[in-house]
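Fold and geometry: a report
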Amino acid sequence: MSLSAYFLRRLLLAVPLVIGISLVSFIIANLVPSDPMAANLGERAAADPEIVAAFRAKWGLDEPFFVQYFTYLRNLLSGDMGTSIRTRRPVADELLRYMPATVELATAGIIVALLVGVPLGVISAVWRNRPIDFIARIISLIGVSAPVFWLALVALLLLYLRLRILPGPGRLDAVIPPPPAVTGLYTIDALVAGQWRTLGNALAHLILPAVVLGAYSAGLITRITRSAMLDVLSMDYITTARSKGLRERTVILRHGLRNALLPVVTVIGLSYGNLLTGAVLTETIFSWGGIGRFAYDSARSLDFPSIMGVSMLIALVFVLTNLIVDMLYYILDPRIRL
């Protein structure tokens, strides 16, 4: 099977999945036992039947459930994600405004996770049951089990408030203006504009939230890499490679790590999807104006169009992530091409 045919088949399978997610999200959003009028209208306005009726008619809340859903689905297929009840702006514009900050943070988080997780997993497997293996396993256990909010608060208290090594919440210091917007990613925009002071400040602000956000993924990648490497290193072809006199580094990296990458790639893809969509606590604690913060504010005000917009964005992120993982599987595992 060719790569294009494989990609097309996976893409077609994703269509009913996205529609199913939209239906489930719509049902859950409408089952919330709270009234959006109370959250978006003042107390006096919510007590006026005429204002309430006008609010329901304006946002389509007076229509039956399935009429609301099919209207939303029809608008979605034409590229209209609705208008936010809270901000009165198109939901698509709001997502585009908040998404770059989340992409920047999640990308930094997955880089931290990869730089820590893969080497630590390989070292742990190669020196199995040695002191360095136990240290690596303890680090991975802390990364997997430490709650994000606890890790974030400890990191802020120690590295920002006490030692003053790293800057605190926010994407930039208050005295530094954002670079001219090109991508919305401050590091890239500052680099494009040649604003080195802004670039340094943006990178410094990125370190703490990226480490906190990537800690869980780093622990998970360490454990998966260790387990996959242990399986591969016990194979006969590894013994054969060593018996041929190949250098140990070549055996481990070329013959061991390369064949242990399949499960690691899956974890990396899913971890990046999780980082893109699950940064609510990290973004809130570090005052990071991303999708997680937007989702939190939308949920607090029962802003249904925005909640649905975030849900669909999360669904698309995971569908695209899985597509990329499938493509990497196709490249790494020749058996899939048969």
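Our subject in this report is the structure included herewith. (Residues numbered from 1 in each chain as written. Predicted model: local features only at pLDDT ≥ 70, side-chain atom pairs only at ≥ 80, totals over all residues. Heavy atoms only, no water.)

Another point: the overall build of the protein. If you tally the helices and strands in the protein, you get 15 helices and 0 strands. Structurally, the protein occupies a C-alpha span of about 85 × 55 × 40 Å along its principal axes. Every one of the 338 residues in the protein was classed for burial, and the buried ones make up 42%. Within the protein, counting contacts between residues at least 6 apart in sequence, those at least 24 apart form 72% of the total. (Helix = DSSP H or I, 4+ residues; strand = E, 2+ residues; numbered from the N terminus. Buried < 20%, exposed > 50% of the residue type's maximum accessible area, 1.4 Å probe, protein only. Contact = heavy atoms within 4.5 Å.)

What follows is about unusual backbone geometry. Excluding glycine, residues mostly have negative phi values, and the peptide bonds linking residues are mostly trans. Positioned with a positive phi, Arg-88 is a non-glycine residue whose angle comes to about 60°. Positionally, Arg-88 belongs in the loop between α5 (65-77) and α6 (91-126). Given the relative accessible area of 48%, Arg-88 is considered partly exposed. The phi torsion at Arg-164 lies on the positive side, around 60°, for a residue other than glycine. Within the secondary structure, Arg-164 is located in the loop between α8 (148-162) and α9 (186-193). On the basis of relative accessibility, which here comes to 58%, the residue Arg-164 falls in the exposed class.

It is worth spelling out the nonpolar core at this point. Ranked by internal contacts, the top residues of the largest apolar core, which has 52 residues, are Leu-95, Met-229 and Ile-291. Listed by contribution, the elements that provide at least two residues to this core are α1 (3-31), α5, α6, α10 (196-233), α11 (236-243), α12 (248-277), α14 (291-300) and α15 (304-332). Looking at this core, the element that brings in the most residues is α6, giving 13 residues. Excluding residues within four positions of it along the chain, Ile-291 makes contact with Leu-95, Tyr-98, Met-99, Thr-102, Glu-283, Val-310 and Leu-313. Core analysis: the second largest hydrophobic core is formed by 7 residues, Leu-166, Leu-208, Val-212 and Phe-286 among them. (Core = buried A, V, L, I, M, F, W, Y, C linked by side-chain atoms within 4.5 Å.)

Bringing the side chain of Glu-94 into the picture now. By the element assignment, Glu-94 lies in helix α6. You can call Glu-94 buried: its relative accessible area is 0%. Among the polar contacts made by the side chain of Glu-94, one reaches the side chain of Thr-87 at a distance of 2.6 Å. The contact partners of Glu-94, leaving out residues within four places of it in the chain, are Thr-87, Arg-89 and Phe-294. (Polar contact = N/O pair within 3.5 Å; in protein donor to acceptor, adjacent residues only side chain to side chain.)

This part is about the environment of Thr-87. Mapped onto the elements, Thr-87 comes out in the loop between α5 and α6. Sequence separation between Thr-87 and Ser-306 is 219 residues, and the spatial gap between their C-alpha atoms is 9.6 Å.

For the pair α6 and α14, the least separation of the axes is 7 Å and the interaxial angle reads 135°. Our classification of the angle between α6 and α14 gives oblique. Residues Glu-94, Leu-95, Tyr-98, Met-99 and Thr-102 of α6 form the contact with α14, whose participating residues are Ile-291, Gly-292 and Phe-294. Of the residues in the contact of α6 with α14, the class split is 5 nonpolar, 2 polar and 1 charged. (Axes fitted to C-alpha atoms, helices over the stretch in contact; angles between N-to-C directions. Parallel < 35°, antiparallel > 145°, perpendicular 65-115°, else oblique. Nonpolar A, V, L, I, M, F, W, Y, C, P; charged D, E, K, R; others polar.)

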